[in-house]
Amino acid sequence: HILMAEIFPLSYSIKFIDFLRKKYKSVKIVFLLFNPIDSYVYSKIEYIKDYYDGILTFNPGDSDKYGFTLFQELPFFPPILPVERVISDVFFIGSEKGRLDYLLAIYEKLTSLGLLCDFYIVNVPEEKQRYADRIHYNVKLSYENVLNHINQSRAILEILQKNEEYISIRTYEAYRLKKKLITSNHTIKAFPFYDDSIVSIINKPEDLNIDFFNVKSSESKYKEFDEFNSFDKVKKFLIDTFNV
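An account of the accompanying structure is given in this report. Predicted model only: the values in this text are computed from it and were never measured.

With parallel pairing, the 6 strands of this open sheet are ordered in space as β7-β6-β5-β8-β9-β10. Only two strands of the sheet have a single partner each, and these edge strands are β7 (136–137) and β10 (199–201). Pairing of strand β6 (residues 117–122) with β7 involves 2 bridges; the strand directions are parallel. Opposite I121, over in β7, you have Y137 as the bridge partner.

Quick look at the packing of helix α5 (residues 143–151) against helix α6 (residues 169–176) now. Axis separation between α5 and α6 bottoms out at 10 Å; the angle between their running directions is 55°. Between α5 and α6, the angle is such that the two are oblique. Crossing handedness for the pair α5 and α6: right-handed. On α6, the residues that touch Y143, V146, L147 and I150 of α5 are I169, R170 and E173. Grouping the constituent residues of the contact of α5 with α6 by class yields 5 nonpolar, no polar and 2 charged.

Glancing now at the layout of surface pockets. Considering only enclosed or pocket space, the largest pocket measures out at about 980 Å³ in volume. In this structure, the largest pocket is lined by 35 residues; those nearest its centre are N35, G94, K97, Q161 and R170. Sorting the residues of the lining of the largest pocket by element identifies β5 (88–95), α5, β8 (153–158) and α6 as the ones contributing at least two each. In terms of residue count, β5 provides more of the lining of the largest pocket than any other element does, 4 residues in total. By residue class, the composition of the lining of the largest pocket is 21 nonpolar, 5 polar and 9 charged. If you add up the space inside the second largest pocket, you get close to 200 Å³. For the lining of the second largest pocket, the elements supplying multiple residues, two or more each, are α7 (211–214) and α8 (219–228). Looking at the lining of the second largest pocket residue by residue, the class counts come to 3 nonpolar, 2 polar and 6 charged.

What counts and how
Residue numbers restart at each chain and count upward from 1, following the sequence in its written direction. Totals for whole chains, interfaces and linings use every residue, but because this is a predicted model, local features are given only for residues with pLDDT of at least 70 and side-chain atom pairs only at 80 or more, for both listing and counting. The side-chain figures draw on all heavy atoms in the structure; neither hydrogens nor water molecules are used. Strand pairing is defined by DSSP finding a minimum of two bridges between the two strands. Secondary structure counts use DSSP, requiring at least four H or I residues in a row for a helix and at least two E residues in a row for a strand, with both numbered from the N terminus. Axis definition: a line fitted to C-alpha atoms, over the contacting stretch in the case of helices. Angles run 0 to 180 degrees between N-to-C directions. The cut-offs work like this: below 35 degrees is roughly parallel, past 145 is roughly antiparallel, 65 to 115 is roughly perpendicular, and the gaps in between are oblique. Two helices cross in a left-handed way if the nearer one is turned anticlockwise from the farther one by less than a right angle. They cross in a right-handed way if the turn is clockwise. The contact definition used throughout considers only heavy atoms, calling two residues in contact when any of these lie within 4.5 Å. The residue classification treats Ala, Val, Leu, Ile, Met, Phe, Trp, Tyr, Cys and Pro as nonpolar and Asp, Glu, Lys and Arg as charged. All others, Gly included, are polar. For cavity detection a 1 Å grid was placed over the protein atoms alone, and a set of points counts as a cavity when a 1.4 Å probe fits there but cannot get out; an open set counts as a pocket when protein lies on both sides within 12 Å along at least five of seven lines, with lining residues being those that have an atom within 4 Å of a point. Grid points are joined across faces, edges and corners, and a volume is the space filled by probe spheres set on the points.

Encoded structure:
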């Protein structure tokens, strides 16, 4: 089995896929999505989908809409970093994507609770950059720096696009680095690693409260996530779904 990631340019090369099939006669080649599908992404998938044995999506909504195979245990393993001194309470990084007013309302609520926010929001025009002396606008971080910011925060904020609900990379980062998670994803309750001492699910900024930060997280649940996200489970899924 060969997994071809959405973000890998050669995933869209028909010649490269043909080369793999000639070199590995019994191979199953599977396209792996890392982002929700929009019209641009779908147009690229339409071009190459018939050359793959399957397309995996982590997003239940996209699975229902497009008929792609749902797989919510991404083979994604952020590195476990040495424990560092915590210098902020909540870290957020992401594109505005129609969420700016909501993100700013969350920022206001968190700061009203006396919490220190470390927010990086991109694609925001200058006239909309409120709290620009405290929020980092249009600053891009390397992934290594993202992980360092997470490592120095108590919690990660995850607000999913278009009110969709799925397990995103932010969830993986929170559990791998043993951080709390504030999320708009209600479906996380259905997963075995869910624990309300680690995860705060919000509908609106008013749902945030200081008690969540004061309650000690269950270490055992962090370990359960590592079991959920084991590569053995990924391998079994591929074998069961795409038999060679």
